[in-house]
Amino acid sequence: MSQASYELKAEAREQVGKGSARAVRRNGQVPAVIYGEKQPPLAIALSYKDVYYKIHGGAFLTTVATIDVGGQKIQVLPKDYQLDPVKDFPLHVDFLRVGKDTLVNVNVPVRFVNEELSPGIKRGGVLNVVRHEVEFHCPASAIPDFITVDLTGAEIGESIHISAVKLPAGVKPVISDRDFTIATIAGTAAAKPETDEAAAAPAAEGAAEEK
């Protein structure tokens, strides 16, 4: 489970709209809004530097943070952000208020382990990743950093489904109507057939007997 958290200092914004947002950016800040938990939306301005490094540092959308707005500390989960399409700097951030019982939908990265223990990969097969992330419904206080797919024993032609993954308590896939595929072990022209060695032994024995 993700235990990392951080705090951002923010200023409340009385005015909203495109003109106000542009003024905030000219000030070296990033406009943002906090919503949810049946409370009115709160428009804020954040430090450009803080937001930039948090977004580009990874796990931004899966880490609960604290925003200090004039001494009022609000627990939030970043839900969305906009980047400049050319310069890649942050233009706006949406935050969701979270409490101890808040449930959220988040995209969690997939991590693959034990490739060296996959007979299919050892024989030249290739790991074909169908989903690099999986969307889960889970408590905001218990968002996994990643889910782990164990490739031990995986053969060429085998598909790894979500049902094969051990998930933390309270974490459920948003897609619940099918056992969807996360990855497959695909064969290649260079892959060695599984029966090569087994077939070679009887053939050699037969040749020896004929002599």
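Before any of the text, the structure's been laid out above.
This is a predicted model, so every value here is computed, not measured. Along each chain, numbering runs from 1 in the same order as the chain's sequence is written. Only residues with pLDDT of at least 70 get local features here, since the model is predicted, and only at 80 or more are side-chain atom pairs given and counted; chain-wide, interface and lining totals rely on the full set of residues. Excluding hydrogens and water, the side-chain values take into account all heavy atoms of the structure.

## A short note on the environment of Gly17
Helix and strand assignments follow DSSP, with helices taken as H or I runs no shorter than four residues and strands as E runs no shorter than two, numbered in order from the N terminus. Note that Gly17 resides in the loop between strand 1 (7–12) and helix 1 (18–26). Relative accessibility thresholds used throughout: buried, under 20% of the residue-type maximum; exposed, over 50%; partly exposed, between the two (1.4 Å probe, protein chains only). For Gly17, a relative accessible area of 42% corresponds to the partly exposed category.

## Considerations on the sheet that holds strand 13 (residues 181–186)
Strand pairing requires that DSSP identify at least two bridges connecting the strands. The 3 strands lie next to each other as 8-13-11, forming an open sheet whose pairing is antiparallel. Strands at the two margins of the open sheet, each flanked by one partner only, are strand 8 (126–129) and strand 11 (159–161). Mean inter-strand twist for the sheet, computed between neighbouring axes without regard to direction, equals 20 degrees. Bridging between strand 11 and strand 13 involves 3 bridges; their strand directions are antiparallel. Residue pairing for strand 13: His161 is matched across the bridge by Thr181. Here, axes are lines fitted to C-alpha atoms. For helices the fit covers the stretch in contact, and angles between N-to-C directions go from 0 to 180 degrees.

## Notes on the pattern of salt bridges
Here, a salt bridge means any side-chain nitrogen of Lys or Arg that lies within 4 Å of a carboxyl oxygen of Asp or Glu. In total, this model carries 4 salt bridges according to the counting rule given. A salt bridge links Arg178 to Asp177, with the nearest nitrogen and oxygen atoms 3.5 Å apart. Overall, Asp177 belongs to the exposed group, its relative accessible area being 65%.

## Things to note about the layout of surface pockets
Looking at the largest pocket, its volume works out to about 280 Å³. Every element with two or more residues in the lining of the largest pocket is listed here: strand 5 (72–83), strand 7 (103–113) and strand 9 (133–139). If you tally residues by element for the lining of the largest pocket, the top one is strand 7, at 4 residues. Taken together, the residues of the lining of the largest pocket sort by class into 8 nonpolar, 4 polar and 4 charged. Think of a 1 Å grid over the protein atoms and nothing else: a 1.4 Å probe that fits but is trapped marks a cavity, an open set flanked by protein within 12 Å on at least five of seven lines marks a pocket, and residues with an atom within 4 Å of a point count as lining. Grid points are joined across faces, edges and corners, and a volume is the space filled by probe spheres set on the points. Throughout this entry, Asp, Glu, Lys and Arg are counted as charged residues, while Ala, Val, Leu, Ile, Met, Phe, Trp, Tyr, Cys and Pro are counted as nonpolar. The remaining residues, Gly among them, count as polar.

## Notes on the nonpolar core
Nine residue types can take part in a nonpolar core, namely buried Ala, Val, Leu, Ile, Met, Phe, Trp, Tyr and Cys, and a core is a set of them joined through side-chain atoms within 4.5 Å. Phe112, Ile147, Val149 and Ile182 are the most contacted members of the largest nonpolar core, which has 28 residues in total. When residues of this core are traced back to their parent elements, those giving at least two are strand 7, strand 9, strand 10 (147–150) and strand 13. Broken down by element, this core gets its largest block of residues, 5 residues, from strand 7. A contact between two residues is defined here by any heavy atoms of the two lying within 4.5 Å. Beyond its immediate chain neighbours, meaning those up to four positions away, Val149 contacts Val110, Arg111, Phe112, Val113, Ile160, Val165 and Ile182.

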